[in-house]
Amino acid sequence: MDSQNPFEVRHGSRGGDIELLGLSHKEIGDDDARLVYLNDPVKSNERYEFAGNSIRTSKYSVFTFLPRNLFRQFHRVAYIYFLIIAVLNQLPQLAVFGRGASIMPLAFVLSVTAVKDAYEDWRRHRSDRVENNRLAWVLVDDEFQQKKWKDIQVGEILKIQANETFPCDIVLLSTSEPTGVAFVQTVNLDGESNLKTRYAKQETISKIPEEEMINGLIKCERPNRNIYGFQANMEVEGKRLSLGPSNILLRGCELKNTAWAIGVAVYCGRETKAMLNSSGAPSKRSHLETRMNFETIILSLFLILLCSIVSICAAVWLRDRKDELDILPFYRRKDFAHGAPQNFNYYGWGLEIFFTFLMSVIVFQIMIPISLYISMELVRVGQAYFMIRDMLLYDEESNSRFQCRSLNINEDLGQIKYVFSDKTGTLTENKMEFQRASIWGVDYSGGRTISRNDPVQAVDGKILQPKMQVKVDPQLLELSRCGKDTKGAKHVHDFLLALAACNTIVPLVVDETSDSTVKLLEYQGESPDEQALAYAAAAYGFMLTERTSGHIVINIQGERQRFNVLGLHEFDSDRKRMSVILGCPDKTVKVFVKGADTSMFSVIDRSLNMNIIHATEAHLQTYSSMGLRTLVFGIRELNNSEFEQWYLAFEAASTAIIGRAALLRKVANNVENSLIILGASAIEDKLQQGVPEAIESLRTAGIKAWVLTGDKQETAISIGYSSKLLTSKMTSIIINSNSKQSSRKSLEDALVTSKKLTITSEITHNTGASDAAAVNPVALIIDGTSLVHILDSELEELLFELASKCSVVLCCRVAPLQKAGIVALVKNRTRDMTLAIGDGANDVSMIQMADVGVGISGREGQQAVMASDFAMGQFRFLVPLLLVHGHWNYQRMGYMILYNFYRNAVFVLVLFWYVICTSFTLTTAITEWSSMLYSIIYTALPTIVVGILDKDLSRRTLLKYPQLYGAGHRQEAYNSKLFWLTIIDTLWQSVAVFSIPLFAYWASSIDGSSIGDLWTLAVVILVNLHLAMDISRWSWITHAVIWGSIIATFICVTIIDAVPIFSGYWAIFHVAKTGLFWLCLLAIVLAALIPRYVVKYLYQYYSPCDIQIAREAEKFGSPRELRNTRIDTNPILGSPHR
Amino acid sequence: MIGEATSSGGGGKDDSPAAVSAKKNKKPNYSRFTQQELPACKPILTPGWVITSFIVVGVVFIPIGLASLYASEHVVEIVERYDKDCIPPDYRNNSLHYIQTSETDKNCTMTINVPKHMKSPVFIYYELDNFYQNHRRYVKSRSDKQLRSKASEGTTETCKPEAVTSNGQPIVPCGLVAWSLFNDTYKFSVKKEVLNVSKKDIAWKSDQEHKFGSDIYPKNFQSGSLIGGGKLDPSIPLSEQVDLIVWMRTAALPNFRKLYGKIEKDLQANTTITVTIENNYNTYSFGGKKKLVLSTTSWIGGKNNFLGRAYIAIGGLCLFLAVCFVFVYLLKPRPLGDPSYLSWNRNPSGQMN
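Remember, it's a predicted structure, so these values are computed and weren't measured experimentally.

J.: Tell me about the interface of chain B and chain A, and please be specific about residues and values.
T.: Residue-level contacts link 122 residues of chain B with 148 residues of chain A. Interface of chain B and chain A: buried area, both sides summed, is about 12,000 Å²; carbon and sulfur atoms make up 61% of it. Connecting chain B to chain A are five salt bridges. Note that Lys42 of chain B and Glu1114 of chain A form a salt bridge whose closest N and O atoms lie 3.6 Å from each other.

Shown next as structure tokens:
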């Protein structure tokens, strides 16, 4: 549980890295760099001791286990409190309890945890050993030899075969591919299963290390945990080459589709990026626990009060008797054994009082429910067990279970007020489907039939077939086959060529069909949009079949054509477009650009083809309003001088060491202009199953849904309608502003409007309900540009005020960091709980910011999941997660905290009352062993089991009435009123427990141990029955645990009383023979519980909360779903008293 | 603990490639336990159930209360305070001196009238008041180990300040508890005829057999300069020192009785018993009272009305509550599980608010 800064732990998002590269204008200084001499591990490691490649995930060795494990455990305040108390008790003056008894609880907890840690560490040791002894091919004396992983050193040259795992972080030198490309699978590192491409530098591709010495020096940055960033340069043969993230192979990844790869180890062992990233999720603290800490402070004050009372009374008692103390038979201050009488064990009045105070702290120690923290942890583990195994939260499609990554905030799920959701991949499936296209001003939308064009395109005598089938438009299909002779057909040709070429897709041939002559072609890429477009192009006969770093092969209507990829400007979030410069077979050079409409229309030459542009714009409008994702394509032919100019700039930029990203962006901007429009594509991003219903449920439950998306406003709104986020009953307020002033104005106007709406709705409905927005809901739609001006300025207040009046907020065109900003806007201004849910790297910041972060394990990789507290497969699981598990967890945990306060306080108070009868000297009638076992054996299990298993309402009811979730919003299970009620109840119960035996045995021959046993049993039975009274569902486990605890207590008390050297020897057997004992026990339990029983009944029957009514309906059925007249009200109860 | 989940980033720790593990179906197995659907009963406090339970409690408790009151009433108990009366008038103002010197005659005679027939056995108790036998210093000042066997005669560390004699010999039995042994004695006679006081079975058998050794004899006891109480016959093993055993089972409360002996003979009503008390024990230094108690016993123990009254009070209260609840229920019933009572279904004009 090392509490590292949570923001450090995470992988940087990809967008961020581009920025990072752009910003790092300074060269790696010699101080910050590590120098790696190629093929010279001795020299590489000479100056610095680089880490070897052996790894150690284990935390302890045999010798360090005890001290280090204890050190880690004592990081908890609770344990330190335990320890201080135990140490205090070891002082002879303060030894209230025997040594054994006082250390037992701490020792118990410590040893249980230690055993668990030891077992886990043993398993880590074992896996480390396996890992370290794996073999790799290392260049030694000019030939590759097998070497154990742990012996690999920085600077050594390694050869990795296909499907092998990289043993350390390696800079790629050459591969089996002539172009120096290598495909890697990073699933172990970031969970993304698509293949990524890595490149060797041109200068090293041709080197064969066995035959010629490679000399060189790599200067790279210090080890860091950013798996998407790497910065270095390499000096080979006097040339200086820059290296980036695409040149490095990371430990843990696997080499795929490449026969071999050769590289030089730069980071080894614990310095590899994979190892640096293997740290846990950050620990968050639940809202309930934070509240509980406040009450814990009240309890500590209460403890101090009790101790003060005891010590003050003791002071008075001692002062009143100061003359008698010397020979008082039960005090005997003077020791006469050795000549002159001297004080025995008496340190003066003041010190005696001080000691009394400390001793009372020791005796009353469990007033602070330390065991509660441990029980809470166990309960959360139990709750997580059931959440993970819930069939409702299992996603069939991705075969993923629910994941609890953070174990501290289960109960927060029951109090969520705001849900911030990403759209793509969260509300929608992120399974892109090419739907329509607008080419040269013509809309092709007839894609209703699955294409059965003849994709019989033989390569090497095999038939290639795209893996995904796309519905095609017959008219467009017809046109696409016409070649590029007619004018219309030429545009179609160019458009489809753009679809097939303008991307970073890697085509892979896979053998998954039963038919050996047919091979499936799979498109691997990082963007699902690109995949959809490439599949679409393939369906129309433009099949991308091969990609190397220098060229692509496109099979156009059965004809193999080779295009040289002269340059590629990757997508970035500033330009919002990408481009590829192709050398076509007809010796022309063309630049194909695709991008978001806003960014594209600014670079399209508007002087040409105005009507086409207008038509395309109109089509785009239509597509967006249907909720389709659109991309616009443009083309330009480069003449020779333009090409030369671009080429020089591109070469210069891509080898630049300083500010490469910025330079590349500039080059891209120069070439991406004066484009001729080709058309636009429309891709459907299907809504996930059950999303509208889920949103409806969440809304009914009183949860406000905010959708934050990078999509266009129209797309966002249309998805909003189809997902029932927006309804026709809602009034939408749209804010699109370009400056701070206009933002302010539109916010103020919107506020007036929303107020008016709220007031009218209040008048018309005359409702006392505070949530007027529910009656006449307002939806706020705001775009990223406005947010730029609003966030981090004084306008935030206005926005929050406005947003809190709206039941739905839709933010479009927002950047990843803005998402976090919006979450922070709400989180910092209310005490309500926020939940963020998303699936992509762009949601990471928002997930970390929110009180509860939920990751969707979707198609966009695992980064959101890695950053999240909980992860699941589908958005709709949010409903059972919050409404069912969240509700249960909150109710259970709230009750458990109150009960634990009560349970410990009642015991302490019984001890306290008795102390008053012992002239304030902290004698306990209850044996010290029982005191210690009280919270370990006598009462521990039932509260844990109830905290894990009790259900106030069934799953069905909770899903049927989402409004029941409001109990969490209103903090019904844990609030100060309940706390104080509990304390009052506790006081009464302790008085009942103490005083009934007191009066019954006053002036009798009862001895201390017997009455102590009576009190022990009475308290234990009482607290267990108290719990029993509040259990909602009695399964056999509950029965076993409650009655088992009581029986266990009897057994323990008997065992303790069977030890002859304890003063209470055989007491229980004597006292249990008397009728008075049993009558006392019965009277205590009844007298103590009656007030609670009465109050509980009256409250439940005459002022029932929703949960209570729902429980009754669950049990007795609700005979009248529809309201009827009052006449048939009575027969529901066959009440026995009549 | 949480970190472990991600540490597999350390590279291919699970040797199976991702493709293999992906094929493994992770679907949770259905069981009523994991789906939290174990059969269970769901108790709800319905008026019927609550009222019934109160009636049952009332019906059970009142008879128990009456029975214990009845039993308690039939216990005949005679309590005579003697600490004041047993000081000769000359010493009334200097009772401490009287009790501490060995020169004074400690004998004192009292007469007790038996009000009712007392059935055998009649238990004789002494009752002390304001004596904190539960004081921490006192309770701890004993050595249970030493009491058990001769072998651990020397284990007296816990017994201070009565652990060893001035020349270092262990005191047996050591500690304040034994040191302050009560040593008043009572002799009873009816019309000059001595009533035998039996000491049989006044101590717990378990104590005699296991807690106090039969091979360990009192030694160096009360040999110091300050005498706390009774002396013990060094020729009798501790397991037979019944008075000591009774005394050493320390009382729970500052006002306590200890069994002195038994008269195994019925005492007729209106018998006058003459008690000769040897008033040795010093309670005068802390103002404690001494009482002599003769009492018969019943199934409920000694005379104590508290529990009977408590039972009747609890039972009565329950019946009263039951009646109240019936009335309240008849006046203002609420249909159970009526969804119209749910907060969001209530009429906004709100008769429920």
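J.: Lay out a nonpolar patch on the surface in plain terms, naming residues and giving numbers.
T.: On the surface, Trp1043, Ile1047, Ile1051 and Ile1055 of chain A cluster together into a nonpolar patch covering about 400 Å² of accessible area. You can see Trp1043 of chain A is positioned in helix H35 (residues 1036-1056).

J.: A description of the domain arrangement of chain B should follow, citing residues and the corresponding values.
T.: Residue and element names in this part refer to chain B. Structurally, chain B comprises domain 1 (46-75 + 299-330) and domain 2 (76-296). Just the C-alpha atoms count here: the centres of domain 1 and domain 2 sit 40 Å apart. The interface of domain 1 with domain 2 comprises four residues on the first partner and five residues on the second. Surface buried jointly by domain 1 and domain 2 totals about 320 Å² across both partners, of which 44% is contributed by carbon and sulfur atoms.

J.: Explain the sheet that holds strand S5 (residues 193-195) of chain B to me, using residue names and the numbers behind them.
T.: All names here are of chain B. Within the open sheet, the four strands sit side by side as S2-S7-S4-S5. Their pairing is antiparallel. For this open sheet the edge positions go to strand S2 (107-113) and S5, each flanked by a neighbour on one side alone. Each strand axis lies, on average, 30° off the axis of its neighbour in the sheet, ignoring direction. Of the strand pairs in this sheet, strand S4 (residues 185-190) and S5 are connected by three bridges, and their pairing is antiparallel. Among the inter-strand pairings, Val190 is bridged to a residue of S5, identified as Glu193.

J.: Provide a residue-level description of the state of the cysteines, including the pertinent values.
T.: Residue and element names in this part refer to chain B. Counted under the stated rule, the structure contains two disulfides over all chains. The disulfide partner of Cys159 is Cys174, and the gap between their sulfur atoms is 1.9 Å. Of this pair, Cys159 sits in the loop between helix H5 (144-148) and helix H6 (176-179) while Cys174 is found in the loop between H5 and H6, placing the two residues 15 residues apart along the sequence. A residue is classified by how much of its surface remains accessible, and Cys159, at 0% relative accessible area, is buried. The class of Cys174 is buried, set by a relative accessible area of 2%. Each bonded cysteine of chain B gets a number by its place in the sequence, and the pairs then read 1-2, 3-4.

J.: Explain the packing of aromatic side chains residue by residue, including any values.
T.: The final tally for this structure, using the stated rule, is 66 aromatic pairs over all chains. Arranged with centres 6.0 Å apart and planes meeting at 75°, the rings of Trp247 of chain B and Tyr281 of chain B form a pair that is edge-to-face. On the criterion of sequence distance, the pair formed by Trp247 of chain B in helix H8 (residues 242-248) and Tyr281 of chain B in the loop between strand S7 (272-278) and strand S8 (290-295) is long-range, its members being 34 residues apart. Judged by relative accessible area, Tyr281 of chain B falls into the buried class, the value being 1%. Lying over the aromatic face of Tyr260 of chain B, Lys199 of chain B brings its terminal NZ or CZ to 3.6 Å of the ring centre. Directly above the ring of Tyr1101 of chain A sits Arg334 of chain B, whose terminal nitrogen or CZ lies 5.1 Å from the centroid.

J.: So what's going on with the UniProt feature "binding site: Mg(2+)" (unreviewed entry) in chain A? Residues and values would help.
T.: All names here are of chain A. Those residues carrying the UniProt feature "binding site: Mg(2+)" (unreviewed entry) are Asp422, Thr424, Asp839 and Asp843 in this numbering. Spanning 422 residues, the named residues form one tight spatial group whose C-alpha atoms are at most 10.5 Å apart. In this structure Asp422 touches Leu427, Leu708, Lys819, Ile837, Gly838, Asp839, Asp843 and Met846, once residues within four positions along its chain are discounted. Within polar-contact distance, the side chain of Asp422 engages the side chain of Thr426 at 3.3 Å. Along the polypeptide, Asp843 turns up in the loop between strand S37 (833-838) and helix H26 (844-849). Those residues in contact with Asp843 that sit more than four places away from it in its chain are Asp422, Lys819 and Gly838. Within polar-contact distance, the side chain of Asp843 engages the side chain of Lys819 at 2.7 Å.

About the cut-offs
Residues numbered from 1 in each chain as written. Chains lettered and ligands numbered in written order. Predicted model: local features only at pLDDT ≥ 70, side-chain atom pairs only at ≥ 80, totals over all residues. Heavy atoms only, no water. Contact = heavy atoms within 4.5 Å. Buried area = accessible area lost by both parts, 1.4 Å probe. Salt bridge = Lys/Arg side-chain N within 4 Å of Asp/Glu carboxyl O. Patch = residues over 30% accessible without salt bridge, like charges linked within 9 Å, V, L, I, M, F, W, Y side chains within 5 Å. Areas by Shrake-Rupley, 256 points an atom, 1.4 Å probe, with all protein chains shown as cover. Helix = DSSP H or I, 4+ residues; strand = E, 2+ residues; numbered from the N terminus. Domains from an automatic or database assignment. Pairing = 2+ DSSP bridges. Axes fitted to C-alpha atoms, helices over the stretch in contact; angles between N-to-C directions. Disulfide = S-S within 2.5 Å. Buried < 20%, exposed > 50% of the residue type's maximum accessible area, 1.4 Å probe, protein only. Phe/Tyr/Trp six-rings, centres within 6.5 Å; stacked < 30°, edge-to-face > 60°. Lys NZ or Arg CZ within 6 Å of the ring centre and 35° of its normal. UniProt positions renumbered as here; feature names shortened; annotations may be inferred. Polar contact = N/O pair within 3.5 Å; in protein donor to acceptor, adjacent residues only side chain to side chain.

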